[in-house]
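# A structural walkthrough
The lines below spell out each chain.
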Amino acid sequence: MAELQSTKKAFVTGWPVKHSKSPLIHGHWLAQFGIDGSYEPIAVEPDGFNDFISGLAENRFAGGNVTLPHKEAAYRAVDVATSHAQKLQAVNTLWFEDGKLHGDNTDGYGFSANLDAANPGWDRPQRGIATKAVILGAGGASRAIIDCLQSRGFGEIIIINRTIQRAQTLVDHFGEPCLAQTWDQLGDHLNDCDLVINTTSLGLEGTSWPDLSLEQLPKSAIVTDIVYTPLDTYPLQRARACGLRTVDGLGMLLHQAVPGFERWFGVRPQVTKELHSLVVAALEGTK
C-alpha cells in the first residue's frame, strides 16, 4: 500500500495559480500521513487546458483540483461527471477511476462543512420556522452555495446582485425557492433572514463596497463569507459591529480539499486547528 501511495501525484491548475494555498494544505496532509506523494501547482492558460487534461494519464497524475477560470471547461472535459457536478455544470476535483476521468464539485461540501464545524445547527434557525438565506453576488461560486442551501431545506433563497439579469439566470436554473433581487432591495429581506453569504469579490484589488447595513438582521442570524483574502472582510466586520455571529471563508477552502485528497491518496484527512493556523500564517505572510 505504501509503495502504491508513493507513486501517486496530484495537482491544482488555474490561471493564475501561484496564489493558491492548496499545495500547502495537501502538503501538510501528505507529511502528516507519511505519504511520499506530491501535490503541485500548474499554471495553465485557457487555450491550453484541453491539452493539459489530455496529458494527465500519460504524466501519471492520480487527479487534481481545478480553479478559476477552468471549472466549466473541466466539466466539459471529463468522461464521467457526478450528478452534483452536472447540476452545477462545473468541476473542481478530478480523479481517474476504471481508466476514465471523473469529475465532481466539492465547493458546496466545503461551504456546508465549514458552517457545520463553526456553527452546528446553522440550517435549523432559532426562530423555529422555514429558513431564509440571502446571497450577495451571482457569480460562479453562487451555484454551489444555492445547491447546498436547497439540499439543506432552506425555504427562501434571495440572490442579490447589481445586475439582476445574472441573478435571474441562477433563479431560472435552480428554480424554487430562489428569488432574484437588486442591491437596493436588500433591506427588504433582512428582518427575517437567518443566513447572509457574501460570494462577491468586492473589497479586493481596490474595489469598494456599497453601504452594507445589517442592523435589521435578527440577533440569531449568521453572516459568512466565502472570500478568505482578507480573512476579515467588510461584511464580517459589519456583522460583528451588530453583535452577530460570523464565519470566515478559510474553512470552506480547507474542507472542500478533503474529498480530493481521499480520492488520490486513499486516506481521509481532517481539518484541524493546526492546519487552519498554518494557512492563516501563510496568508499573513509570516511563513
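Values in this document were obtained by computation on a predicted structure and should not be read as measured data. (Residues numbered from 1 in each chain as written. Predicted model: local features only at pLDDT ≥ 70, side-chain atom pairs only at ≥ 80, totals over all residues. Heavy atoms only, no water.)

### Describing the environment of Phe61
Relative to the elements of secondary structure, Phe61 occurs in the loop between helix H3 (49-54) and strand S3 (63-66). In this structure, the C-alpha to C-alpha distance between Phe61 and Leu250, residues 189 residues apart in sequence, is 27 Å. Setting aside its immediate chain neighbours within four residues, Phe61 contacts Lys9, Ala10, Phe11, Glu40, Ile42, Leu56 and Phe96. (Helix = DSSP H or I, 4+ residues; strand = E, 2+ residues; numbered from the N terminus. Contact = heavy atoms within 4.5 Å.)

### A word on the nonpolar core
Ranked by size, the top nonpolar core spans 27 residues in total, and within it Phe111, Trp122, Ile145, Leu149, Ile159, Leu195 and Ile197 carry the most contacts. Breaking this core down by element, the ones donating at least two residues are helix H6 (107-118), strand S7 (132-136), helix H7 (140-151), strand S8 (156-160), helix H8 (164-174), strand S9 (178-181) and strand S10 (195-198). Broken down by element, the residue count for this core peaks at 5 residues, all from H7. Formed by 22 residues, the second largest nonpolar core is a distinct cluster that contains Leu30, Ala62, Ala257 and Val280. (Core = buried A, V, L, I, M, F, W, Y, C linked by side-chain atoms within 4.5 Å. Buried < 20%, exposed > 50% of the residue type's maximum accessible area, 1.4 Å probe, protein only.)

### Some details on the sheet that holds strand S4 (residues 80-81)
A sheet is described by the order of its strands in space; here 6 strands give the open sequence S2-S1-S3-S5-S6-S4, paired in mixed fashion. Two strands bound the open sheet, and with one partner strand each, they are strand S2 (38-43) and S4. Where strand S1 (residues 9-14) meets S3, 4 bridges bridge the pair, whose relative direction is parallel. Bridge pairing in S3 links Phe11 to Gly64. Together, S1, S2 and S3 form the strand contacts of helix H2 (residues 22-33), whose direction differs from that of S2 by roughly 170°. (Pairing = 2+ DSSP bridges. Axes fitted to C-alpha atoms, helices over the stretch in contact; angles between N-to-C directions.)

### Quick look at the packing of aromatic side chains
How two aromatic rings sit relative to each other is given by the distance of their centres and the angle of their planes. Under the counting rule described, the total for this entry stands at 9 aromatic pairs. For the pair Phe11 and Phe52, a centre-to-centre distance of 5.2 Å together with 90° between the ring planes defines the contact as edge-to-face. Residue Phe11 is located in strand S1, and its partner Phe52 is located in helix H3; the two are separated by 41 residues in the primary sequence. The exposure classification of Phe11 matches that of Phe52, with both residues buried. Centre to centre, the rings of Tyr39 and Trp264 are 5.9 Å apart; their planes meet at 35°, and the pair counts as tilted. Of this pair, Tyr39 sits in strand S2 while Trp264 sits in helix H11 (residues 258-265); the two residues are 225 residues apart in sequence, bridging distant segments of the chain. For Trp264, a relative accessible area of 0% corresponds to the buried category. Joined through ring pairs, the aromatic side chains of Trp29, Phe33, Tyr39, Phe261, Trp264 and Phe265 make up one cluster. In this structure, Lys9 packs its charged tip against the face of Phe61, placed 4.6 Å from the ring centre. A cation over a ring is seen here: Arg263 above Trp95, with NZ or CZ 3.9 Å from the ring centre. (Phe/Tyr/Trp six-rings, centres within 6.5 Å; stacked < 30°, edge-to-face > 60°. Lys NZ or Arg CZ within 6 Å of the ring centre and 35° of its normal.)

### A closer look at the confidence of the model for the protein chain
When pLDDT is averaged along the protein chain, the result is 92; 93% of the residues meet or exceed 70. Contacts from residues 1-5, a stretch scored under 50 in pLDDT, to residues over four places away or in other chains number 5 contacts. (pLDDT = per-residue confidence, 0-100.)

### Observations regarding the sheet that holds S9
Sheet architecture is open: 6 strands sit in the order S9-S8-S7-S10-S11-S12, paired in parallel fashion. The open sheet terminates on both sides in strands that have one partner only, identified here as S9 and strand S12 (245-247). This sheet shows a mean twist of 20° between the axes of neighbouring strands, independent of strand direction. Packed onto the sheet, H7 meets S7, S8, S9 and S10 and runs at close to 175° relative to S7.

### Some words on unusual backbone geometry
With an omega of 5°, the peptide bond between Leu68 and Pro69 qualifies as cis. By secondary structure assignment, the location of Pro69 is in the loop between S3 and helix H4 (71-77). With omega at 5°, the peptide bond leading from Thr229 into Pro230 counts as cis. The residue Pro230 is located in the loop between strand S11 (222-225) and helix H9 (234-241) in this model. Positive phi, close to 55°, is recorded for Gln89, a residue that is not glycine.

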